[in-house]
Amino acid sequence: MLNRTVENVARATPEPLARKVRGISDKGLAWLFISPTILLLLAINIFPLFWAIYLSFTNYRANRPNEVVKNLGFANYQRILGDQDIWIAMQTTAHFVFWTILLQTLIGFTLAWLIDRKFRGHAFWTTLILVPMMLSPAVVGNFWRFLYEPQIGLFSYVISFVSGIPPTSIQMLSNVSLAPWSIIIVDTWMWTPYVMLICLAGLRSIPEYIYEAAEVDRASNWRQFWSITLPMALPFIMLAVLFRGIENFKMFDMVNLLTGGGPGSTTEVASITLKRQAFESWRTGYSSAFAIILFVAVFGLANIYVKALNKVKQR
Amino acid sequence: MSLTTAHSVVAPSANSKRVAGAIIIAYALISIVPLLWIFATSFKTPPDSIAYPPKIVFQPSIEGYCNLFTTRTRQTPEYINSLGPATGFCDETVRKRNMVIAGPSNFLPRFLNSLIIAFGSTFCAVFLGTLSAYGFSRFKVPLADDLLFFILSTRFMPPIAVAIPIYLMYRELGLSDTALGMILLYTAVNVSLAVWLLKGFIDEIPREYEEAAMIDGYTRLQAFWRTVLPQATTGIAATAIFCLIFAWNEYAFAALLTSGTAQTAPPFIPTIIGEGGQDWPAVAAGTTIFLVPILVFTILLRKQLLRGITFGAVRK
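On a predicted model such as this, the values are computed, not experimentally measured, just so you know.

Novice: Please give an account of the overall build of chain B that cites residues and values.
Specialist: The number of helices and strands found in chain B is 16 helices and four strands. Taking 20 Å as the expected radius of gyration for a compact globule of 316 residues, we find that chain B reaches 26 Å, considerably beyond that expectation. Once the C-alpha set of chain B is aligned to its principal axes, its extents read approximately 85 × 75 × 40 Å. Counting all 316 residues of chain B, 46% fall into the buried class. For chain B, restricting intrachain contacts to residue pairs at least 6 apart in sequence, the fraction spanning at least 24 positions comes to 73%.

See below:
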């Protein structure tokens, strides 16, 4: 009797559903699809992160793998927070991040605002402006060393031509006060298009009727800019600042190739310090602790910033 | 004018357009100069490349490309004269500087490494990313937002910080300086981008397509394969190009974790030196060859660029 019922139900079940049941369930499929990615990230990102956390409490040195590893507790962290050089590196990083973001936002927003006039041929010139940001910061950054060469470098030549300063005295990379700016210039050249592109999306998201209404109210252009354009593009500007901020906080390749942290340690940003400690002095435990501190700092700042960003978006 | 043509009251005036255009064109031209200079330098002879004032007009030469692909040794003129006739243009150029070609340089193997690692990791990242993105887009995954944030957060790590434990782990596993190790690492970095971008693209494909396919008797897997994937090709292609560009351009991991057999082009190009310092025409030649694929991709991608660089946060 019961068997008959089951058979009847099975016969009544539409064909697709029956097939679906025979196949993998949706839940199983979801996990089948997602788990490889999670496993890879666990193996390549999370496991090493925990290893680094463990190492940060030890005096381990990667160039002496057979030495007895001692547990130091929080000694590495204490030393880092009390280390003058680390604080100088953090200041150098902050200086770099501040100026690159300020310049890139100002120039990038201005360019986007001009492109938004939609002059003839704007699409072509926009694409041309975007080219530098797609290129390898390392390979292009390396070539800037050539442009910065005193005398024979194109950059130094143009600057001396315009300013009248003798070309041999424009030592962009070896002068203590110019070296940080040489990196800021290359970074700004490379990444202004990035900020520009995001700002352009912001400007284009502002509906035209708002401007029409403002025009009816006889609001001046100046007024329109400050009370419509800027506030409405602000979430986009902030998004660009967030991405550039994180990227520049981690900055390594360009600095490593342009100055290598020099002259002395005037351009030694956090990543360069980390590399010197970890791969030149081989203080693996100490540098792991510094890496963890940096990670927490980026993560914390980014979180605070995202919250602010969401608040602006809701307005 | 305004009587005959109806136009928006807020459209920028012709004059402001002209000024805007002029400024933008000036900026574009100035910002492109360093790239033109790389291209020009690659066709200069070494003496021309370091001339003062910098030469804008010069006799083009492919010496930089010859030097890029070969290693050379200095010889006495007598020895060079005792050799047979030069076998090719590069041979001839090199002999004029009292040198002979000793063999191929490392550029080609490094360039091939870049190709293998970039394409290998892109394939893996896009494959894994497409599956995960579909999973996150269509199914109720517990803690989906947390998992997605976890996937993204791996991007916040400074590469040097990641490189320290990876260096130790790869040393234990024998993956140091291997293409496989680099492919795994770049896949892990790129998969976050791939998941986020592709989830956006797949979210845009209406669910009705799969549902219709499933009513027609397809299983979920078949529906994914036959309806979702074909619809997502543009998104998958764009994502693949972004992953490819990242892996192609990456320097920090490559510089720290590879030194020989698996070294890619970015850490290699800065080490090209000639006699008495950097051989700038050869560096420029290597840079030009290295950059051309990216230029092509940038033009192909220009419509998707915004999405790619913001992890899908901004769509047009």
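Additional details are given in the paragraphs that follow.
Novice: I'd love a proper account of the overall build of chain A, names of residues and values included.
Specialist: Regarding its fold elements, chain A presents 14 helices and zero strands. Walking chain A from its N terminus toward its C terminus, one meets helices and strands in the order α-α-α-α-α-α-α-α-α-α-α-α-α-α. Scaling as 2.2 N^0.38, a compact globule of 315 residues should have a C-alpha radius of gyration of about 20 Å, whereas chain A reaches 28 Å, well beyond that. Of all 315 residues assigned to chain A, the portion counted as buried reaches 41%.

Novice: Could you give an account of the interface of chain B and chain A, with specific residues and numbers?
Specialist: Contacts between the two partners involve 88 residues from chain B and, on the opposite side, 81 residues from chain A. If you tally residues by element for the side of chain B that touches chain A, the top one is helix α1 (residues 14-42) of chain B, at 16 residues. Looking at the side of chain B that touches chain A, its residues break down into 67 nonpolar, 15 polar and six charged.

Novice: For unusual backbone geometry, give the residues involved together with the corresponding values.
Specialist: Of note, the amide linkage connecting Gly262 of chain A to Pro263 of chain A takes the cis form, showing an omega dihedral of -5°. Checked against the element boundaries, Pro263 of chain A lands in the loop between α12 (253-258) and α13 (270-280). Going from Tyr52 of chain B to Pro53 of chain B, the amide bond is cis rather than trans, its omega being -5°. Positionally, Pro53 of chain B belongs in the loop between α2 (46-49) and α3 (63-69). With phi around 55°, Trp282 of chain A is a residue other than glycine that occupies positive phi space. One can find Trp282 of chain A in the loop between α13 and α14 (284-314). A count of 14 C-beta atoms within 10 Å places Trp282 of chain A in the partly exposed class.

Novice: Describe the domain arrangement of chain A, listing the residues and the values that go with them.
Specialist: What the domain assignment lists for chain A is domain 1 (16-55) and domain 2 (78-314). Taking only C-alpha atoms into account, the centre of domain 1 of chain A sits 36 Å from that of domain 2 of chain A.

Novice: Hey, could you go over the nonpolar core for me, with residue numbers and the actual values?
Specialist: Formed by 170 residues in total, the largest nonpolar core has its most connected members in Leu197, Ile198 and Cys199 of chain A. In this view, Cys199 of chain A contacts Gly108, Phe109, Ala112, Ala233, Phe236, Ile237 and Ala240 of chain A; residues no more than four positions away in its chain are not counted.

Novice: Outline the domain arrangement of chain B, supporting the account with residue identities and numerical values.
Specialist: Looking at the assigned domains, one finds that chain B contains domain 1 (46-105) and domain 2 (108-265 + 295-309). Put simply, the middle of domain 1 of chain B and the middle of domain 2 of chain B, counted by C-alpha atoms, are 42 Å apart.

Novice: Which residues make up the confidence of the model for chain B, and what values go with them?
Specialist: All names here are of chain B. Per-residue pLDDT for chain B averages 88, and the proportion of residues at 70 or more is 97%. For chain B, per-element mean pLDDT is lowest for strand β3 (residues 273-274), which scores 78, and highest for helix α6 (residues 107-138), which scores 94. Within the model, pLDDT remains below 50 along residues 1-6, and this stretch shows zero contacts once partners closer than five positions in the same chain are excluded. Scoring the predicted complex yields pTM 0.88 and, for the interface, ipTM 0.88.

Novice: Tell me about the environment of Ile164 of chain B, residues and numbers included.
Specialist: The topology assignment puts Ile164 of chain B in helix α8 (residues 159-173). Ile164 of chain B sits in the buried class, given 27 other C-beta atoms within 10 Å. Each C-alpha atom of the pair Ile164 of chain B and Phe43 of chain B lies 40 Å from the other, and the pair is 121 residues apart in sequence. The contact partners of Ile164 of chain B, leaving out residues within four places of it in the chain, are Ala52, Ala278, Thr284, Ser287, Ser288 and Ala291 of chain A.

Novice: For the UniProt feature "transmembrane region" (unreviewed entry) in chain B, give the residues involved together with the corresponding values.
Specialist: All names here are of chain B. Here the UniProt-annotated "transmembrane region" (unreviewed entry) positions come out as residues 20-40, 115-136, 148-170, 182-202, 223-248 and 280-301. Counting secondary structure, residues 182-202 comes out at 100% helix and 0% strand; the distance between its end C-alpha atoms is 28 Å. Here residues 223-248 runs as 96% helix and 0% strand, with 34 Å between its end C-alpha atoms.

About the cut-offs
- Residues numbered from 1 in each chain as written.
- Chains lettered and ligands numbered in written order.
- Predicted model: local features only at pLDDT ≥ 70, side-chain atom pairs only at ≥ 80, totals over all residues.
- Helix = DSSP H or I, 4+ residues; strand = E, 2+ residues; numbered from the N terminus.
- Rg over C-alpha atoms; globule rule 2.2 N^0.38 Å.
- Buried ≥ 20, exposed ≤ 12 C-beta atoms within 10 Å, placed from the backbone.
- Contact = placed C-beta atoms within 7 Å.
- Nonpolar A, V, L, I, M, F, W, Y, C, P; charged D, E, K, R; others polar.
- Domains from an automatic or database assignment.
- Core = buried A, V, L, I, M, F, W, Y, C linked by C-beta atoms within 7 Å.
- pLDDT = per-residue confidence, 0-100.
- UniProt positions renumbered as here; feature names shortened; annotations may be inferred.

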